[in-house]
Amino acid sequence: MDEDRLARMLEEIRDLQRQQVEAYARALTNQQEALRMQREAMGRARKLLGAVGVVIAIVLVMALVLLRYILRYYA
């Protein structure tokens, strides 16, 4: 009787360990997916920042050209 109980306990421990390994594997997969998504987001952010920088540069150049024109015309 004790041997049957011991065998069931050992089987339960084995099953719990398998579940733990499966959960760890899922957690690892989720972490890898999160890292991939973060890298993609950083790539999009860099592209957006570059585009915003170009727009700001164009507006600044336009403002300087306009200011120079105004100063020459009204001076």
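That block above? That's the structure.
Reference entry: report on the structure contained in this document. Everything numeric here is computed off the predicted structure, so don't read it as measured data. (Residues numbered from 1 in each chain as written. Predicted model: local features only at pLDDT ≥ 70, side-chain atom pairs only at ≥ 80, totals over all residues. Heavy atoms only, no water.)

**Things to note about the overall build of the chain**
Then, in step 1: Counting secondary structure elements, the chain contains 1 helix and 0 strands.
Then, in step 2: Its C-alpha atoms give the chain a radius of gyration of 32 Å, more than 25% over the compact-globule value 11 Å for 75 residues.
Then, in step 3: In terms of overall dimensions, the chain has a C-alpha envelope of 110 × 15 × 5 Å along the principal axes.
Then, in step 4: Per-residue burial over the chain gives 0% buried out of 75 residues.
Then, in step 5: Of the roughly 7500 Å² that the chain leaves accessible, carbon and sulfur atoms contribute 65%. (Helix = DSSP H or I, 4+ residues; strand = E, 2+ residues; numbered from the N terminus. Rg over C-alpha atoms; globule rule 2.2 N^0.38 Å. Buried < 20%, exposed > 50% of the residue type's maximum accessible area, 1.4 Å probe, protein only. Areas by Shrake-Rupley, 256 points an atom, 1.4 Å probe, with all protein chains shown as cover.)

**Brief notes about the packing of aromatic side chains**
The geometry of an aromatic ring pair is captured by two quantities: the separation of the ring centres and the angle between the planes.
Then, in step 1: Under the definition given, this model contains 2 aromatic pairs.
Then, in step 2: With 5.8 Å between their ring centres and 15° between their planes, Y69 and Y73 make a pair best called stacked. Here Y69 and its partner Y73 are both found in helix α1 (residues 2-74), 4 residues apart, which amounts to about one turn of the helix.
Then, in step 3: Classification of Y73 by relative accessible area gives exposed; the value is 55%.
Then, in step 4: Seen from their ring centres, Y73 and Y74 are 4.9 Å apart, and the 85° between their planes marks the pair as edge-to-face. Per residue, the accessibility class of Y73 equals that of Y74, and both read exposed.
Then, in step 5: Aromatic ring contacts, followed pair by pair, group Y69, Y73 and Y74 into a single cluster. (Phe/Tyr/Trp six-rings, centres within 6.5 Å; stacked < 30°, edge-to-face > 60°.)

**Structural notes on the pattern of salt bridges**
Then, in step 1: Enumeration over the complete set of coordinates arrives at 3 salt bridges.
Then, in step 2: Between D15 and R14 there is a salt bridge, and its shortest N-O distance comes to 3.3 Å.
Then, in step 3: The exposure class of D15 is partly exposed, given its relative accessible area of 33%.
Then, in step 4: For the salt bridge of R36 with E40, the shortest nitrogen-to-oxygen distance reads 2.3 Å. In this pair, R36 and E40 both sit in helix α1, 4 residues apart, roughly one turn of the helix.
Then, in step 5: Several salt bridges share partner residues, and in doing so they unite E33, R36 and E40 into one network. (Salt bridge = Lys/Arg side-chain N within 4 Å of Asp/Glu carboxyl O.)

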